[in-house]
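Given next are the chains, with one letter for each unit.
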Amino acid sequence: MRICVFCSSKLDFTEQTLQACRSLAEWMAQNNHVLVYGGARAGMMGLMADEMLARDAKVVGYLPRDLFPLEVPHRGLTELVEVDDLFERKRLMMENSDAFIILPGGVGTLDEFFEVLTWKSLDCFDKPIVVYNVEGFWDSLLQMMQDLEKKKVLAGNLLGCFKTCQSLQEIERSL
């Protein structure tokens, strides 16, 4: 399975969160999954790629040329696809993935999560989306989304378009 992982380009997280990232990479490699991600060397993105590559797993990165000064490309990947912009990056990652896992991250990770969630809610695809809520990182986001549902501003069953998982075992059952 080609699993797209959206996560931070920074490493300012607790050791438990970083270990969850390493364990996810280990599980993916052991199960012959391919990592699809943003192509950068830095942060949690780079950690995921490094952990997968250390286990001889396949890693495909998509990195916009205009981000090279900000996000240094990971040069050890199985495949690094240089794209024109963030829109093309997201589109290709979505088209070339079978499932999505959302690890802790910032505004870029949120953007990617909401993009795949929107596509799924509009029936553009029916691929699993997992929010990996390590150490409750996404609690406030999930609460906000529940509040929006109560206010009836979310279309359809948006909250049913993704699973929230606290562990690798839950992720495995959700994919």
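Read on for a plain summary of the structure. (Residues numbered from 1 in each chain as written. Predicted model: local features only at pLDDT ≥ 70, side-chain atom pairs only at ≥ 80, totals over all residues. Heavy atoms only, no water.)

Most of strand β1 (residues 2-6) sits inside the fold, with 4 of its 5 residues counted as buried. In this view, the connection linking β1 to its parallel neighbour strand β2 (residues 34-37) by way of helix α1 (residues 15-30) has right-handed handedness. Pairing analysis gives 4 bridges linking β1 to strand β5 (residues 99-102), with the strands arranged parallel. Residue Ile 3 lies in a different strand from β5, and its bridge partner there is Ala 99. (Buried < 20%, exposed > 50% of the residue type's maximum accessible area, 1.4 Å probe, protein only. Helix = DSSP H or I, 4+ residues; strand = E, 2+ residues; numbered from the N terminus. Right-handed = clockwise from strand over helix to strand, strands pointing away. Pairing = 2+ DSSP bridges.)

With that settled, consider helix α5 (residues 139-150). Helix length check: α5 (12 residues) gives 16 Å between terminal C-alpha atoms against 16 Å at 1.5 Å per residue, within 8%. Here α5 has its buried residues at Leu 141, Leu 142 and Met 145. Projection of α5 onto a plane perpendicular to its axis shows the buried side chains occupying an angular sector of 95°, all on one side. Within α5, the exposed residues directed more than 90 degrees away from the buried face are Ser 140 and Lys 150. Contacts made by the buried residues of α5 are with α4 (107-121) and β7 (163-165). Note on α5: the residue one or two positions beyond its end, Lys 152, has a positive phi of about 60°. (Expected span 1.5 Å × (residues − 1). Arc of directions from axis to C-beta. Contact = heavy atoms within 4.5 Å.)

The next point concerns the packing of helix α3 (residues 86-95) against α4. Viewed as axis vectors pointing N to C, α3 and α4 meet at an angle of 55°, and their least axial separation amounts to 11 Å. Accordingly, the angle class assigned to the pair α3 and α4 is oblique. Where α3 crosses over α4, the handedness of that crossing is right-handed. For the pair α3 and α4, the contacting residues are Arg 89, Lys 90, Arg 91, Met 93 and Met 94 in the first and Asp 111, Glu 112, Glu 115, Val 116 and Trp 119 in the second. When grouped by side-chain class, the residues that make up the contact of α3 with α4 number 4 nonpolar, no polar and 6 charged. (Axes fitted to C-alpha atoms, helices over the stretch in contact; angles between N-to-C directions. Parallel < 35°, antiparallel > 145°, perpendicular 65-115°, else oblique. Left-handed = near helix turned anticlockwise from the far one by under 90°. Nonpolar A, V, L, I, M, F, W, Y, C, P; charged D, E, K, R; others polar.)

For the pair α1 and helix α2 (residues 43-53), interaxial distance at closest approach is 8 Å and the crossing angle is 35°. Here the hand of the crossing between α1 and α2 comes out right-handed. Together, Thr 17, Leu 18, Cys 21, Arg 22, Leu 24, Ala 25, Met 28 and Ala 29 of α1 and Met 44, Leu 47, Met 48, Glu 51 and Met 52 of α2 make up the contact between the two elements. Broken down by class, the residue content of the contact of α1 with α2 amounts to 10 nonpolar, 1 polar and 2 charged.

Further remarks concern the packing of aromatic side chains. Considering all chains together, one arrives at 7 aromatic pairs under this definition. Judged by centre distance (6.2 Å) and plane angle (40°), the ring pair of Trp 119 and Phe 125 falls under tilted. For Trp 119, a relative accessible area of 25% translates into the label partly exposed. Phe 125 gets classed as buried once you look at its relative accessible area, which sits at 11%. Ring pairs connect the aromatic residues Phe 6, Phe 100, Trp 119 and Phe 125, which therefore count as one cluster. When the ring centre of Phe 125 is taken as origin, the NZ or CZ atom of Lys 127, which lies over that ring, is 5.4 Å away. (Phe/Tyr/Trp six-rings, centres within 6.5 Å; stacked < 30°, edge-to-face > 60°. Lys NZ or Arg CZ within 6 Å of the ring centre and 35° of its normal.)

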